[in-house]
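Chain by chain, the residues:
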Amino acid sequence: MVQTRSTCPYCGVGCGVVIEHDGAQITGVSGDPDHPANFGRLCTKGSTLHLTASASITRQTRLLQPLLRAERGKPATPVTWNTALDLAAERLSTIHQQHGADAIGVYISGQLLTEDYYVFNKLVKGLLGSNHVDTNSRLCMSSAVAGYKATLGADAPPCSYEDLALADTVFITGSNMAWAHPILFRRLEDGKRAKPEQKWIVADPRRTETAAMADLHLPLLPGSDVALYHGLLHLMLWEGFTKPAYIAAHTEGFDALKARVRDFTPRETARLTGLREDDLLTAARWFGDSPATLSLYCQGLNQSADGTAKNAALINLHLASGQIGKPGAGPFSLTGQPNAMGGREVGGLANLLSAHRDLANPDHRAEVARLWGVPSVPSKPGKSAVEMFQAAADGEIKALWIACTNPAQSMPDQAMVRRALERAEFVILQEAFATTATAPFADLLLPATTWGEKDGTVTNSERRISRVRPAIPAAGQARHDWHIAADIARRIATRIAPGRIAMFDYATPESVWNEHRESTRGRDLDITGLSYAMLETQGPQQWPLPEGATQGQARLYEDGRFATASGKAKFADVPFKPLAEPRDAQYPFSLGTGRLRDQWHGMSRTGTLGRLFGHDSLPAVDLAPADMARLKLAEGDLVEVRSRRGSLVLPARGSDTVLPTQAFIAMHWGEEVLTGHDAQGRPVPGVNALTTPAYCPISKQPELKHCAVHIAKAHVP
Ligand code: SF4
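Residues numbered from 1 in each chain as written. Predicted model: local features only at pLDDT ≥ 70, side-chain atom pairs only at ≥ 80, totals over all residues.

**Things to note about the overall build of the chain**
Then comes step 1: When helices and strands are counted, the chain shows 25 helices and 30 strands.
Then comes step 2: Its C-alpha atoms give the chain a radius of gyration of 24 Å, near enough to 27 Å, the size a compact globule of 717 residues would have.
Then comes step 3: Each principal axis of the C-alpha distribution contributes one length, and for the chain these read about 70 × 70 × 55 Å.
Then comes step 4: Here the chain, with 717 residues, has 62% of them falling under the buried criterion.
Then comes step 5: In the chain, 74% of the contacts between residues at least 6 apart in sequence involve partners at least 24 apart. (Helix = DSSP H or I, 4+ residues; strand = E, 2+ residues; numbered from the N terminus. Rg over C-alpha atoms; globule rule 2.2 N^0.38 Å. Buried ≥ 20, exposed ≤ 12 C-beta atoms within 10 Å, placed from the backbone. Contact = placed C-beta atoms within 7 Å.)

Printed below as a string of structure tokens:
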């Protein structure tokens, strides 16, 4: 048996794994005892990676050869790689020539490695000449990006995992990390055991497993986060928990915010959030009057039509109380996907450029054009995820190239997404799995490698870059994502810009990495000192790590200088806005969505293993016992959950984790077990039959967390 060190492909904790294999098959997996994210631990998902890898082969869910669908609705048939690549390039070039660069949308994924992301981003912005490349990370962290940039000046989470044990107060808000980031939660539990006086505040409408372990649970009304943070700042000012000297020396814009939060009295905040005034006071004291306060947050803030304001209002609290730039303190966003951070670093979103550069900045565009050796990078912002699919549904985008993600299940408003996939003239799906909900819509399916086969790097929530190493050869004819993208890019360049063929002459993922790291020179995330060789000898490293440095930097802003032009952090004077779709008489329940402990995304990987259904085996809608009684529902009765966009029928489950007038459905279930209908009665899978496409105007992140629904006993014939 041989052992290969790699990284878990599930969540943004980024645990190190040791893969056991015989060179042909993966036989086991264990936690890497030397990896600084997990020190040998793995959660249920990570510890079953070897089983899901083999199950995807035996259950024939892997895509093993290129397939072409000659006619929509008919089965796809095998073609050679050369045929597939030529066809992809030919169709994309023709659409490019006939309709322009804006007629092509490329939708990628936080599951891709940094090297994959880099090539896709360069292909769209440096070759096709548009910025229509976006990622499913738009659905999970773009509000965190926008929140950091608006306040601290750069998209750089300032903390480290070691801060969990050093904090005196931990404020977990909008995250059920006990389930969504399990190994990080274990580290938090360890810290609390060693330091029992550490206080945990959890703000979450549901009494999740995380909330149940809190010293103080704040069950705020859905969407009232900004009101809570403004109310806490009001109390911190009133009680003297702010740090005027820190505010004066290191920030700007406090007076406007101070005037804003004047109205968020304890009584008014209690009214807006549904919380008790004395709990608000306790939370303000624990947050502000603590040697070190650490906030941990995720989708509860991000997946919101007001996501940027929620992130920024939380960061305001840290700036006002000086809880940043010191051990155990700071606003620490948790990333959902394994490489959402890497995608941000290479600028793989419609509004970003390489190395945290902004598309809107002409100097940044010129720098990237110079690096890539092209005359210019287009200035027109690209379409973000929801906008891209809306444009395809409207006929504006003619070709969709989807890599390593499953929009026909994971995007909000599935009726709209289906219109987009059907109306697009040409859909490429580059995937490891053949059985996703998106596969039937693809004209061309390109088999990609996956965990155990892939080679490159990922970055976790604490800015730590780890190697992903191949243990076994690619399954079937699968190829690496960066390799497929580069092959198609060269073929497109032959047709539309022969001078740019050499831009994609990469021999290895390391050659892509070396180009990427050079693009970071002088930037906040400078990694010019980090090589594959260093990752080999010194293990995973945090950025920045500029040329000459011997190790990465654990904590940012310790000198009180921020990444803004003035060096001062900016308070965000943001108003409180209600939910995009508040409940009303017609739709009287507020539906929340979220994760299960043992499942991942649309279950393409975890759904292949029976044992991962032991924790929660079937979809259900959780309702408060009082609502179960009011609706005359018994446990397991089928109910129809209906929103303005569609409906689902599923069992009702009484649960004291939700409050009356609220409901909860897990996000993972797909068409195999949970098929709903759109407003026209057409079948659509999972909870996104119901969700709204409303999105934050700044981050463009959709409000996947909440929508208003009607719930009634289903009439099943
Ligand atoms: Fe993988 Fe996340 Fe579990 Fe770690 S916590 S083993 S990264 S799923």
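**Observations concerning the environment of Pro-327**
Then comes step 1: With respect to the helices, strands and loops of the structure, Pro-327 is situated in the loop between α16 (307-320) and β13 (330-333).
Then comes step 2: Distance in space between the C-alpha atoms of Pro-327 and Arg-555 is 7.8 Å, their sequence separation being 228 residues.
Then comes step 3: Once residues within four sequence positions are removed from consideration, Pro-327 is found in contact with Asp-163, Leu-166 and Ala-292.

**Some remarks on the sheet that holds strand β21 (residues 541-542)**
Then comes step 1: In spatial order, the strands read β19-β20-β21; together these three strands make up an open sheet with antiparallel pairing. Edge strands, defined here as strands with exactly one partner in the open sheet, are β19 (456-459) and β21.
Then comes step 2: Note that strand β20 (residues 464-468) and β21 share two bridges and pair antiparallel. In the strand pairing of β21, Arg-464 is matched with Gln-542. (Pairing = 2+ DSSP bridges.)

**Section: the nonpolar core**
Then comes step 1: Phe-120 and Leu-232 are the most contacted members of the largest nonpolar core, which totals 191 residues.
Then comes step 2: Apart from the residues within four sequence positions on either side, Leu-232 is in contact with Leu-280, Ala-283, Ala-284, Phe-287 and Leu-317.
Then comes step 3: Counting 27 residues, the second largest nonpolar core, distinct from the first, contains Leu-591, Val-658, Ile-665 and Ala-689. (Core = buried A, V, L, I, M, F, W, Y, C linked by C-beta atoms within 7 Å.)

**Structural notes on the UniProt feature "domain: 4Fe-4S Mo/W bis-MGD-type" (unreviewed entry) in the chain**
Then comes step 1: Following the UniProt record, the feature "domain: 4Fe-4S Mo/W bis-MGD-type" (unreviewed entry) maps to residues 1-57 here.
Then comes step 2: Secondary structure over residues 1-57 splits into 23% helix and 32% strand, and the C-alpha atoms at its two ends are 20 Å apart. (UniProt positions renumbered as here; feature names shortened; annotations may be inferred.)

**A short note on the domain arrangement of the chain**
Then comes step 1: For the chain, the domain assignment lists domain 1 (67-140 + 342-542), domain 2 (143-333) and domain 3 (589-713).
Then comes step 2: Computed from C-alpha atoms alone, the centre-to-centre distance between domain 1 and domain 3 is 31 Å.
Then comes step 3: No other element matches the four residues that helix α21 (residues 414-423) contributes to the side of domain 1 that touches domain 3.
Then comes step 4: Of the residues that constitute the side of domain 1 that touches domain 3, the class distribution is eight nonpolar, six polar and four charged. (Domains from an automatic or database assignment. Nonpolar A, V, L, I, M, F, W, Y, C, P; charged D, E, K, R; others polar.)

**Here's the deal with the site of the ligand**
Then comes step 1: Every one of the 14 residues lining the ligand counts as a neighbour, but Cys-8, Tyr-10, Cys-15, Cys-43 and Gly-46 are closest to it.
Then comes step 2: Secondary structure elements with two or more residues in the shell around the ligand: α1 (44-47) and α8 (182-194). (Near = placed C-beta within 6 Å.)

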